[in-house]
Structures are given as structure tokens and as C-alpha cells.
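So you can see what is in the structure, the chains are spelled out below.
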Amino acid sequence: MFTKKTTSLLLGSHLSIQGGLHKAIERAEEIGATAIQIWTKNGRTLKATPLLPEDIDNFKTTLKKSSITQMVVAHASYLINLASSDTHIAANSRAGLLVELERCEQLGIPYLVVHPGAHTGIGEEKGIENIAHNLDKVLEKFQGPTIIALETMAGQGTTLGNTFEQLNMMRNLTTFKNKIGFCFDTCHVNSAGYHLKTSEDFENVISEFDNIIGLNHLKVIHLNDSKTECDSHVDRHENIGKGTIPLKVLKLFVHDPRLVHAPKILETPEQNGHLGYKDEMDLLR
Ligand code: FE
Ligand code: FE
Ligand code: ZN
């Protein structure tokens, strides 16, 4: 129901909604994107003022009129921590996630990228259990078509989701499995310790993902170079071609036929505002 036009290459970037949600679509056209990622609200707070009908209309009309093949992805607030055992934090995180899912449904956004959470000392196993439990509690209340895409993480601090096994376990422990997919962030996966230096490394990582999670559950790709080396467990995005992941490997993510279904989103540092993404996309094409 969400995708109307088709394209062979779904490529774009995270874009600002400053000036209104529809502004992100206009920025996407300026850079020739065929897919984009947005915040649907201020990411620094869990609360949100409800979307006005005219904002929703404006967004949908601009999207429909746009020449670009639209695959819109939303990114949820970093403040959501579904791994927490603190009842207050967990309740706020669930409420925050539900609001984000409802906004996606209103806007016709098929995927919501979510950071799984940080266990903050209670241990991996308990953290993963909490994530699955909290996802279930949210999905009991959400019947919309939007799918949650749990993001692969770099493994900074006590952050969970830095191995494919952990991510798979989160999904396996939930009741609403068909509402859970994954977002593969190239920078994070590299920082987490998966080698991405050669085309052979790419093959190994993709087949490992496929064996453990399944490529059919891969919904979004975050295409970022990294400022840090493999296994650094540090999350620092770098512009395409300027970091530790070779351009030829990043290009494999863009052009591999097994990944064609997943929108590919740049989250690299802005250069000349959003216009710099045009050059990075050219490099990748
Ligand atoms: Fe993210
Ligand atoms: Fe990311
Ligand atoms: Zn990151």
C-alpha cells in the first residue's frame, strides 16, 4: 500500500524536516534521491505535538507529486531505551515508540528505524529479554502496517544489537515477529567488529547476516563510511570514500541484487547542507 512507483535503485539520505515535513521531500528532489529518512518529530524528546491534518496532507501531496520514487523511512528518537529494567524509563520508551509508530502510519511511512537499547549494567540477556517484552507491549497496541527496523549497533558502552545473533534473538523472543525487521548500518557493523575491507569480506558478512537473521528481514540499509577502524566499538560516521570502509565495498551494498529491496540511506556528515549528498550518491552509483 505504501510504495507506488518502482525503481531499480532506492538511494537517498537522511533529510531535515525543518520548515515542515513536506520540506524533506523537496530537499530529496533537489538531490535526486529515490528514498529518504526523516525524523517525524524532534528526536531530543519522547513527546510530540500531534500532527495536524494539513501537515499530513501537505506531506502526502508533495510526496505524490514528486518525481522521485518514494521510499520514506523514519528514524525513532535516541531516547527510547527498550532494554531498560527501570519501570519509568521502560514505560516512557514504550509510549515514545507507540507515538512514533502512529505518526508513521498517519504519514504512510512503511519503516521505523529503532535503536534496540542499552542494558546499562543488567546484562545482555536481561536487556534482550526486556527489548522483546517492550516491543510486544507496544505492538499489542499498534495495528498499523508500519514495520519496526531494529538497527545494527556499533556496541558503544552497553548498547545492544552489535551482533546479528543478538538482533535475531530480540525478534525471536517477540510475539509479533512479522512487525519486526532490521536496519543494517555499514558504519556500525564495521565498528562492531565485522570486517568490511574487501569484496570477500562483504560476501562473508552478507551470508552471515542471511544465515543468522535472513536477508528477507533486512528492510533498510544505512550507508555510512566510518571514522574508526573495525572493532573500535565507536560510532563515528564519515563521508563516503573518506573513512575506513573502501568505496568499492560500499558500492557492493548499493548494487548487490540481493539487497535491491532495501532503501539505502546516507547518514554521513553534511557537506554544503544536504546538497553534498548528491555528490556522495554519484560516487556510489
Ligand atoms: Fe540510527
Ligand atoms: Fe544508522
Ligand atoms: Zn551511527
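Residues numbered from 1 in each chain as written. Chains lettered and ligands numbered in written order. Predicted model: local features only at pLDDT ≥ 70, side-chain atom pairs only at ≥ 80, totals over all residues. Heavy atoms only, no water.

Asker: I'd like a description of the side chain of E238, backed by residues and values.
Answerer: Of note, E238 is situated in strand 9 (residues 237-238). Given a relative accessible area of 14%, E238 falls into the buried group. Aside from chain neighbours lying at most four places away, what touches E238 is N224, D225, S226, K227, G243, T268 and P269. (Helix = DSSP H or I, 4+ residues; strand = E, 2+ residues; numbered from the N terminus. Buried < 20%, exposed > 50% of the residue type's maximum accessible area, 1.4 Å probe, protein only. Contact = heavy atoms within 4.5 Å.)

Asker: Quick one: what's the story with the coordination of the iron ion (ligand 2), residue by residue and with numbers?
Answerer: In an ideal octahedron of six donors the angles at the metal are 90 or 180 degrees, and in an ideal tetrahedron of four donors they are 109.5 degrees. Coordination of the iron ion (ligand 2) by the protein involves E151 (OE), D185 (OD), H222 (ND1) and E267 (OE), with metal-donor separations of 2.0 to 2.2 Å. Around the iron ion (ligand 2), the four donor atoms are arranged such that angles at the metal cover 83 to 170°; this shape is classified as irregular. Donor residues for the iron ion (ligand 2), ordered by position in the chain, follow E-x33-D-x36-H-x44-E. Here the iron ion (ligand 2) and the iron ion (ligand 1) are spaced 3.3 Å apart, and both take E151 as a donor. One end of the pair, H222, is in strand 7 (residues 218-222); the other, E267, is in the loop between strand 10 (264-266) and helix 9 (276-284), with 45 residues separating them in the sequence. (Donors = N, O, S within 2.8 Å, 3.2 Å for Na, K, Ca; no water. Tetrahedral: all angles 85-135°; square planar, octahedral: opposite > 155°, others 65-115°.)

Asker: Describe the pattern of salt bridges, with residues and values.
Answerer: Taken as a whole, this structure holds eight salt bridges when the rule is applied. Linking K197 and E229 is a salt bridge whose minimum nitrogen-to-oxygen distance equals 3.7 Å. One end of the pair, K197, is in the loop between helix 6 (186-192) and helix 7 (199-212); the other, E229, is in the loop between strand 8 (225-226) and strand 9, and 32 residues separate them in sequence. According to the relative accessible area criterion, K197 is partly exposed, its value standing at 39%. For R258, the salt bridge goes to E203, with nearest N and O atoms at 3.0 Å. On the criterion of sequence distance, the pair formed by R258 in the loop between helix 8 (247-255) and strand 10 and E203 in helix 7 is long-range, its members being 55 residues apart. Residue R258 is classed as partly exposed on the basis of its relative accessible area, which comes to 35%. It is possible to trace a salt-bridge network through shared partners that takes in E203, D256 and R258. (Salt bridge = Lys/Arg side-chain N within 4 Å of Asp/Glu carboxyl O.)

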